Amino acid sequence: MSRFVINARGVDQRDLNGRVRAAAEAGNEAVVLRNVHGQRYIGTSLRKPVKVDVYGTPGNDLGAFMDGPTIEVHGNAQDGLGNTMNSGEIIVHGGAGDVLAMSMRGGRVFVEGNVGYRCAIHLKEYGSKVPVIVIGGTAQDFFGEYMAGGRVVLLGLGGDGLAANFIGTGMHGGAIFIRGRVDPEQLGKEVGVAEPDEADQAFLAGVIEDYRRRFGRGRGAGRGRGAGQIPTEGFVKLYPRFLRPYGRLYAQ
Amino acid sequence: MPFFAPAQFIVDRDDARCIRCKVCVNQCSFEVHSYDAETDEVRSRDERCVGCHRCEALCPTRALAVRFNPMEIRPNANWRPEHIRDLQRQADTGGVLLTGAGNDKPFRIYWDHLLLNASQVTNPSIDPLREPMELRTFLGRKPDRLDFDDLDGELTTELGPQLVVETPIVFSGMSYGAISYNAHLALNQAAQEFGTLYNTGEGGWPAEFRRFGNRTIVQCASGRFGIDLDYLESAAAVEIKIGQGAKPGIGGHLPAEKVTAPVARTRMIPAGTDALSPAPQHDIYSIEDLAMLIGALKEATGYAKPVCVKISAVHNAAAIASGAVRAGADIIAIDGLRGGTGAAPKVIRDNVGIPIELALAAVHDRLVKEGIRNHASILAAGGIRSSADVVKAIALGADAVYIGTAALVAMGCTLCQMCYTGKCNWGIAVTDPWLTKRLNPDIATRHLVNLLRAWSLEIKEMLGGMGINAIESLRGNRLQLRGVGLEDWELKVLGVRGAGA
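The model shown is predicted, which means the values in this text are computed figures rather than measured ones.

## Describing the overall build of chain B
Thinking step 1. A count of helical and extended segments in chain B gives 15 helices and 21 strands.
Thinking step 2. By the burial criterion, 53% of the 501 residues in chain B qualify as buried.
Thinking step 3. Partitioning the intrachain contacts of chain B with sequence separation of at least 6 by distance along the chain shows that 69% fall at a separation of at least 24.

What follows is the structure, encoded as structure tokens:
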């Protein structure tokens, strides 16, 4: 497999992304970025199914508008990861910041640890294009707000508990799966709570296996989580109670 | 028990002329007209009439006249019929009142208090029928200085990406969903033919329109509908929509009635749901965040396209515009109090924001004072009704104007303000395929091109009269304006002298 290594130390963001794009367009199947220190928009304009390994700490908007690549971050990620991402996969061996995967349209995001505020807002979905986000730890307020589609999973590993409020406010499509207890007061008024059905269980078993494969041998929240060690039980499913959550807001 | 709601319009039918053809019955989506086969009568339920005049226009024997019902209740300057009607509807429903189009209240329209100058004798006027007149406008960031090669005199300064329009009139963003497919097609075709720009609005961009991409601004708004790399790469520019003049500070709920299968597919949301655009963009809570999104869009488009930031004209527009320019915006669009909408709460449309004339003058002055006016072009929007308004806007400091409502009127809109119902009888603000077919996109294209041509000719006449032969020389040239009937503070904000002074 052709592999291209870039030392990102002292390279500005525009230059770095240009080099990554050039490496991908030259036919390299993998690009390794070393010493990344806050450069933004890594992978943003990439359309090739290239694998990008990021060592160090990438900046905001990693993979924004991304269409196809796989980015693996060997460390923590910052805000705006996967913003309006269309396809591909982002794997974070650590935590991620606020506004994760806003308006994501397709592809998958796996975060080993915790994420911040305003994550998974306004996810989209149409036909077979269903974005999936799997978070090993916990999330903060406004999680899944305005969701119009997609599947979001909080595995609740790492023991931090779920203290978020306004979960799923304005939700009108898609589903959120949370392992562990969720107080009704933490939920938006538009959210219903149910037991996952058989199809949901199959979906959860699939993404848990995917999570285990990505993080099972690491040192973070997923450490040592071999087959069967991440419970597939104890999930609640949050779903939109209304197709038109704000339909009654207006004089008809 | 519903209140008695007097009809807003009266449908007069001249029975002697009516031939029972039932055109009115079939044309009215509000179901005003009905035919009774037993008595061979066509009847009207006036209380359903919205005053769109479709039936009147299509009646082959001119048997119909739709008149405003003056509702001669006891005169009261405070409790006007509109207040009573709205209050009763709210007592009935407990809901927020929606409306369409732009603010229809009698706030001062400054265009009507500004008069243009003309040359006499000493600086003779220019005859636009003889002399070339330059309306071509370049929108985008301009450099602080220009450097030239010492030997060959060639420009060595690298210029940022520019949008080139042949007339300083650009079609404003109106989403696919708010207005029909055929309306979008007509706007696309007209922009292409005349050499100006079409704006997708925030509802995504049907793939077959991408052949018009070199003349298209795509929008990135809080709902982020239909945005992928194809969308960004196919366009000439990207506009981040922060605000809209008709509804500053709030988002938008495209009513489910208008979310048909193609709209749902384009927006990637469930069919039959309201398309929800949150009030803020949830990744933009600061100027720094705005800079981040501008950067992401530039990175995604290879730094080859200008990024525009559209804001509502609000009290502090000048400082906000300055922040947006410093955040990297190449174009600032300001949408004023009278800007239109496909659906907005009436209370917001009629009470929030400030007139574009004042906001435009304030923004231009602020950017000039800060020495960054050249970093961004200004597009003025919201209530541009004529070529005179365009000229006055440019003299106040705009580079070009956006027109939305004016373009819809050119396509046949009669401003009945029912855009939010999904029942537009003219096939414009509608997604229902049966109603959409009523707008012939080729005829609408002709009307739009005619409008652009007529206004452009008039602008040249006005420029020539002022002794100016390039629109660029008018920009911010407030000596060409004089105010009439304005208070001192208004003249000060506008930066113009009173007439005679």
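## Brief notes about helix H14 (residues 441-466) of chain B
Thinking step 1. When the terminal C-alpha atoms of H14(B) are compared, their 37 Å separation across 26 residues agrees well with the 38 Å that a helix rising 1.5 Å per residue should span.
Thinking step 2. Just beyond H14(B), the residue with positive phi is Gly467(B), at close to 80 degrees.

## Re the pairing of strand E4 (residues 67-74) of chain A
Residue and element names in this part refer to chain A.
Thinking step 1. The sheet contact formed by strand E3 (residues 51-57) and E4 spans 5 bridges and is parallel. When the bridges of E4 are listed, Asp53 appears paired with Glu72.
Thinking step 2. In the sheet, E4 pairs with strand E5 (residues 87-92) via 5 bridges, with the strands oriented parallel. Bridge pairing in E5 links Glu72 to Ile91.

## What to know about the packing of helix H8 (residues 317-326) of chain B against helix H10 (residues 356-369) of chain B
Residue and element names in this part refer to chain B.
Thinking step 1. Packing of H8 against H10 brings their axes to within 8 Å, and their N-to-C directions diverge by 50 degrees. Taken as axis vectors, H8 and H10 run oblique relative to one another. H10 is crossed by H8, and the crossing has right-handed handedness. Contacts between H8 and H10 involve Ala317, Ala318, Ala321, Ser322 and Val325 on the former and, on the latter, Ala359, Ala362, Val363, Arg366 and Leu367.
Thinking step 2. Looking at the contact of H8 with H10, its residues break down into 8 nonpolar, 1 polar and 1 charged.

## Overview of the nonpolar core
Residue and element names in this part refer to chain B.
Thinking step 1. Counting 226 residues, the largest nonpolar core has Ile332, Ile334 and Val401 as its most contacted members.
Thinking step 2. When residues in this core are grouped by element, the largest group, 9 residues, is from H14.
Thinking step 3. Excluding residues that lie within four positions of it along the chain, Ile334 makes contacts with Ile311, Ala313, Ala317, Ala321, Ile356, Ala359, Leu360, Val363, Ile378, Ala380 and Ala381.

## Quick word on the interface of chain A and chain B
Thinking step 1. Contacts between chain A and chain B engage 40 residues on the former and 32 residues on the latter.
Thinking step 2. Looking at side-chain class alone, the side of chain A that touches chain B contains 14 nonpolar, 16 polar and 10 charged residues.

## Some words on the domain arrangement of chain B
Residue and element names in this part refer to chain B.
Thinking step 1. Considered domain by domain, chain B is made up of domain 1 (9-95) and domain 2 (137-471).
Thinking step 2. Computed from C-alpha coordinates alone, the two centres of domain 1 and domain 2 are separated by 35 Å.
Thinking step 3. Each partner contributes residues to the interface: domain 1 has 9 residues there, and domain 2 has 7 residues.
Thinking step 4. Looking at the side of domain 1 that touches domain 2, its residues break down into 4 nonpolar, 4 polar and 1 charged.

## Looking at the confidence of the model for chain A
Thinking step 1. Confidence in the prediction for chain A averages 93 pLDDT; 95% of positions are at 70 or higher.
Thinking step 2. Per-element confidence in chain A ranges from a low mean pLDDT of 94 for helix H2 (residues 198-215) of chain A to a high of 98 for strand E6 (residues 108-111) of chain A.

## Observations regarding the sheet that holds strand E6 (residues 114-116) of chain B
Hydrogen bonds between backbone atoms are what pair the strands of a sheet, whose relative direction is either parallel or antiparallel.
All names here are of chain B.
Thinking step 1. The mixed open sheet is built from 3 strands, whose spatial order is E6-E20-E21. Edge positions in the open sheet fall to E6 and strand E21 (497-498), since each of these has one partner strand only.
Thinking step 2. In this structure, E6 lies alongside strand E20 (residues 481-483), joined through 3 bridges in antiparallel fashion. Looking across to E20, one finds that Leu114 is bridged to Gly483.

## A word on the pairing of strand E11 (residues 216-220) of chain B
Residues and elements named next belong to chain B.
Thinking step 1. Burial analysis of E11 places 5 of its 5 residues in the buried class, the great majority of the element.
Thinking step 2. Of the two faces of E11, the one carrying Thr216, Val218 and Cys220 and the one carrying Ile217 and Gln219 are both buried.
Thinking step 3. In the sheet, strand E10 (residues 198-199) pairs with E11 via 2 bridges, with the strands oriented parallel. By the bridge assignment, Tyr198 is partnered in E11 with Thr216.

## Section: helix H11 (residues 387-396) of chain B
Residue and element names in this part refer to chain B.
Thinking step 1. Buried residues dominate H11, accounting for 9 of its 10 residues.
Thinking step 2. Turning to H11, its buried residues are Ser387, Asp389, Val390, Val391, Lys392, Ala393, Ile394, Ala395 and Leu396.
Thinking step 3. With its phi angle positive at about 140 degrees, Gly397 sits one or two positions after the end of H11.

## Some thoughts on the sheet that holds E5(A)
All names here are of chain A.
Thinking step 1. On the basis of which strands lie adjacent, the open sheet formed by 11 strands has the order E1-E2-E3-E4-E5-E6-E7-E8-E9-E11-E10 and mixed pairing. Each end of this open sheet is capped by a strand with a single partner; those strands are strand E1 (3-7) and strand E10 (191-194). With direction set aside, neighbouring strand axes in the sheet form an average angle of 15 degrees.

## Some remarks on the domain arrangement of chain A
Thinking step 1. Per the domain assignment, the segments making up chain A are domain 1 (1-54) and domain 2 (75-246).
Thinking step 2. The gap between the C-alpha centroids of domain 1 of chain A and domain 2 of chain A is 27 Å.

## As for the environment of Lys129(A)
All names here are of chain A.
Thinking step 1. Mapped onto the secondary structure, Lys129 falls in the loop between E6 and strand E7 (132-135).
Thinking step 2. In this structure, the C-alpha to C-alpha distance between Lys129 and Gly149, residues 20 residues apart in sequence, is 9.5 Å.
Thinking step 3. The contact partners of Lys129, leaving out residues within four places of it in the chain, are Arg105 and Gly106.

## Focus: the environment of Ser456(B)
Residues and elements named next belong to chain B.
Thinking step 1. Position of Ser456 among the secondary structure elements: in helix H14.
Thinking step 2. The exposure class of Ser456 is buried, given the 21 C-beta atoms found within 10 Å.
Thinking step 3. Sequence-distant contacts of Ser456, that is, excluding residues within four places in its chain, are made with Leu135 and Thr167.

## Remarks on the environment of Arg349(B)
Residues and elements named next belong to chain B.
Thinking step 1. Following the sequence through the fold, Arg349 ends up in helix H9 (residues 346-351).
Thinking step 2. For Arg349, a count of 30 C-beta atoms within 10 Å puts it in the buried group.
Thinking step 3. Distance from Arg349 to Ser172, taken between C-alpha atoms, is 17 Å for residues 177 residues apart in sequence.
Thinking step 4. Beyond its immediate chain neighbours, meaning those up to four positions away, Arg349 contacts Thr99, Asn103, Ala246, Lys247, Thr341 and Ala344.

## Side note on the packing of helix H4 (residues 181-194) of chain B against H14(B)
Residues and elements named next belong to chain B.
Thinking step 1. Relative to each other, H4 and H14 sit at 45 degrees, their axes nearing to 8 Å. The angle between H4 and H14 places the two elements in the oblique class. Regarding H4 and H14, the two cross each other, and that crossing is right-handed. Contact with H4, carried on its side by Asn182, Ala183, Leu185, Ala186, Leu187, Gln189, Ala190, Glu193 and Phe194, involves Pro441, Ala444, Thr445, Leu448, Val449 and Leu452 of H14 and no other residues of that element.
Thinking step 2. Each residue belonging to the contact of H4 with H14 can be placed in one class, and the counts come to 11 nonpolar, 3 polar and 1 charged.

The rules behind the values
- Residues numbered from 1 in each chain as written.
- Chains lettered and ligands numbered in written order.
- Predicted model: local features only at pLDDT ≥ 70, side-chain atom pairs only at ≥ 80, totals over all residues.
- Helix = DSSP H or I, 4+ residues; strand = E, 2+ residues; numbered from the N terminus.
- Buried ≥ 20, exposed ≤ 12 C-beta atoms within 10 Å, placed from the backbone.
- Contact = placed C-beta atoms within 7 Å.
- Expected span 1.5 Å × (residues − 1).
- Pairing = 2+ DSSP bridges.
- Axes fitted to C-alpha atoms, helices over the stretch in contact; angles between N-to-C directions.
- Parallel < 35°, antiparallel > 145°, perpendicular 65-115°, else oblique.
- Left-handed = near helix turned anticlockwise from the far one by under 90°.
- Nonpolar A, V, L, I, M, F, W, Y, C, P; charged D, E, K, R; others polar.
- Core = buried A, V, L, I, M, F, W, Y, C linked by C-beta atoms within 7 Å.
- Domains from an automatic or database assignment.
- pLDDT = per-residue confidence, 0-100.

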